[in-house]
Structures are given as C-alpha cells and as structure tokens.
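Coordinates in review
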Amino acid sequence: MNKVFLIFTLLLSTLTLNAQTATANRRWFVGAQAGCNYAVADNITDHSAVKYLSDAIGPSCAIYAGTFLTPTIGCRASFSYSHVNNRGDVEYVSTEDFKNSFEGNGYYHFDSFEIGADALFDFTSMSKAHTDDSFHVLGFAGLGLWHTSSKSLTERDRATIDSDEAIAIIAGIGSKTSVSCRLGIIADYKLSSHLSLNIEGNVSVMGDTFDGIDYDEPLDFLFRAQIGVSYLF
C-alpha cells in the first residue's frame, strides 16, 4: 500500500511539474504586418500570370494576437485587409466593345477583409538544441472568413461596354462573404526578449466567387507576402 501511495505521489508530482513548465513556457504576443497581395482568380485564361504583374499587385496589412501553448505549438487570431486587383477576362462576354475596352489592362479592384484563426507550428523548436535560437521558422494552417466589397470597374473600362452587358458584368461582381483555408510560412528573428521581426508568406484558398465571378475555375487564390513586428509579453 505504501508503494502504491509513493508511486501515485511521484506521478502526481511529475504531472504538476510538467503543467507548471508548460505554463511557464507560454508566451503571449501581438503584432502587425504590411505587404502586398496577388490574386489568381479567373484572370489568367488569356494571358500569362505575370504579363500584367505590376497592375495585379495590391497592398495588404494585418494585426494579430496569439500564444504558444508549448515551445512548438501555438495559435493566433488575426484581422487583415487586402486591396485586391483582378483582371476582367475577355472570355466573360463576346461583344467586341467589351474586348476592346479590356485589350489593355482591364483590371477592376475591390477591398477585402478577413478574420482568421491559425494553428502555429514552430519547426525550429522541434529540435531542443535550437529552442533558444534567435531565428525560427514556423508554419501555420487555419481558416478565414472573408468579406469583400462591391467590385468596381474604372470609367475607362466601362466607357465602351454596351449597357446591357455592363449590367450583367457588374451584377456578377457584387460584395461577397466566403470561407477560406489558410496556409503559410513565417521566418521570425528575435531582436530582444520582447521584440521580433518576421516575414510571412501565405495563401488563402476559397470558392470561385471570392472575386465576384463564378466562371470556369473551381477555386480562387490570394497570395500575400508581408513583413511585420511582434511584441512578446
């Protein structure tokens, strides 16, 4: 009986110590990022993906907060904004006026807002020998809820489009709400015990109506590259 009690006491002490260690290792953080985005959304069927690259890139920014539950696993919540540029494809309608108006750039634009929730995985800390390194590489996977504003064609783009055709195009690119899957990678460099600098690349994958046009591609993609700072408590 005494042996059983001793074993139980040792087990309880071990569990308590592990719980205390996990709590001690937990680090809360907040941060902000800014960068750019590039949409792949029904806009590359008649030209290469990089032909109008300068027109296709838009600004993005984000704020976030989270914590690490263990040295290798964490979570975060984020709110982000992206001004997305997307090209009206000449395949959408057959009129010559439409084709002529989109012969050049032919981009429309819209604002998008996302609430995201991610699971973080610190690959560097998976090796105990590198847990305290200043440079860490992390990956994440999560879900996002997007809301996009009504899409707008510029006056130049609308000028030569037949009114009936214009109504059909614009009606198809109103405001939308959609769910996305988020994947990304983060390079993080700790400047001090409370401050770190990071570079993040991520992609959000959602249904075909994110860009307001339900056409022949099953999914829309939004790629983002951002640089930011985090404050660790």
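Residues numbered from 1 in each chain as written. Predicted model: local features only at pLDDT ≥ 70, side-chain atom pairs only at ≥ 80, totals over all residues. Heavy atoms only, no water.

Right, let's talk about the overall build of the protein chain for a bit. A count of helical and extended segments in the protein chain gives 5 helices and 9 strands. For the protein chain, the sequential pattern of α-helices and β-strands runs α-β-α-β-β-α-β-β-β-α-α-β-β-β. For the protein chain, the residues scored as buried account for 37% of the 233 residues in total. A separation of at least 24 residues holds for 71% of the contacts in the protein chain among residues at least 6 apart in sequence. (Helix = DSSP H or I, 4+ residues; strand = E, 2+ residues; numbered from the N terminus. Buried < 20%, exposed > 50% of the residue type's maximum accessible area, 1.4 Å probe, protein only. Contact = heavy atoms within 4.5 Å.)

Take P71: it is sitting in the loop between β2 (57–68) and β3 (73–87). A relative accessible area of 38% places P71 in the partly exposed class.

Before going further, it helps to spend a moment on the side chain of N198. Secondary-structure assignment places N198 in strand β8 (residues 195–207). Taking the relative accessible area as the measure of exposure, N198 reaches 2% and is therefore buried. Within the structure, N198 has its side chain in polar contact with the side chain of S230 (distance 3.3 Å). (Polar contact = N/O pair within 3.5 Å; in protein donor to acceptor, adjacent residues only side chain to side chain.)

With that settled, consider a nonpolar patch on the surface. A cluster of nonpolar residues, W28, V30, F135, Y189, L191, L195, L197, I199, I227, V229, Y231 and F233, forms a patch on the protein surface that exposes about 1200 Å² of accessible area. When residues of the nonpolar patch are traced back to their parent elements, those giving at least two are β1 (27–40), β8 and β9 (219–232). In this structure, L191 sits in the loop between β7 (176–190) and β8. (Patch = residues over 30% accessible without salt bridge, like charges linked within 9 Å, V, L, I, M, F, W, Y side chains within 5 Å. Areas by Shrake-Rupley, 256 points an atom, 1.4 Å probe, with all protein chains shown as cover. Salt bridge = Lys/Arg side-chain N within 4 Å of Asp/Glu carboxyl O.)

Here we take up the packing of aromatic side chains. Applying the stated rule across the entire model yields 8 aromatic pairs. On the numbers, 6.4 Å between centres and 20° between planes, the contact of F79 with F113 is stacked. One end of the pair, F79, is in strand β3; the other, F113, is in strand β4 (residues 107–122), and 34 residues separate them in sequence. F113 sits in the partly exposed class, given a relative accessible area of 34%. Ring centres of Y231 and F233 lie 5.1 Å apart, and the angle between their planes is 80°; this geometry places the pair in the edge-to-face category. Here the guanidinium or amino end of R76 rests over the ring plane of Y64, the centre of that ring lying 5.5 Å away. We note R76 situated over the ring of F140; from NZ or CZ to the ring centre the distance is 4.6 Å. (Phe/Tyr/Trp six-rings, centres within 6.5 Å; stacked < 30°, edge-to-face > 60°. Lys NZ or Arg CZ within 6 Å of the ring centre and 35° of its normal.)

Across 11 bridges, the pairing between β7 and β8 is antiparallel. For A187, the partnering residue across the bridge sits in β8 and is I199. Hairpin connection from β7 to β8: 4 residues lie between these consecutive antiparallel strands. Strand direction decides the pairing type here: β8 and β9, joined by 13 bridges, are antiparallel. (Pairing = 2+ DSSP bridges.)

Let's shift gears to the pairing of β4. Looking along a regular strand, one sees side chains alternate from face to face of the sheet. As judged from the 15 bridges shared by β3 and β4, these two strands associate in the antiparallel manner. Its bridge partner being in β4, F79 is matched across the sheet by I115. Where β4 meets strand β5 (residues 135–148), 11 bridges bridge the pair, whose relative direction is antiparallel. Each residue of the ladder has a partner; that of F121, found in β5, is G139.

Let's shift gears to the environment of L232. Within the secondary structure layout, L232 lies in strand β9. Residue classification places L232 among the buried positions, given a relative accessible area of 13%. Separated by 167 residues in the primary sequence, L232 and A65 have C-alpha atoms spaced 9.9 Å apart. Setting aside its immediate chain neighbours within four residues, L232 contacts R27, W28, F29, S193, H194, L195 and S196.

Attention now goes to the pattern of salt bridges. Following the criterion strictly, the structure yields 5 salt bridges and no others. Salt-bridge contacts for E200 lead to R76; the nearest nitrogen and oxygen are separated by 3.1 Å. Within this pair, whereas E200 is found in strand β8, its partner R76 is found in strand β3, the two being separated by 124 residues in sequence. On the basis of relative accessible area, E200 is assigned to the buried category, the value being 3%.

Position of G139 among the secondary structure elements: in strand β5. A C-alpha to C-alpha distance of 6.1 Å links G139 and I186, two positions 47 residues apart in sequence. Beyond its immediate chain neighbours, meaning those up to four positions away, G139 contacts A119, L120, F121, F123, G184 and I185.

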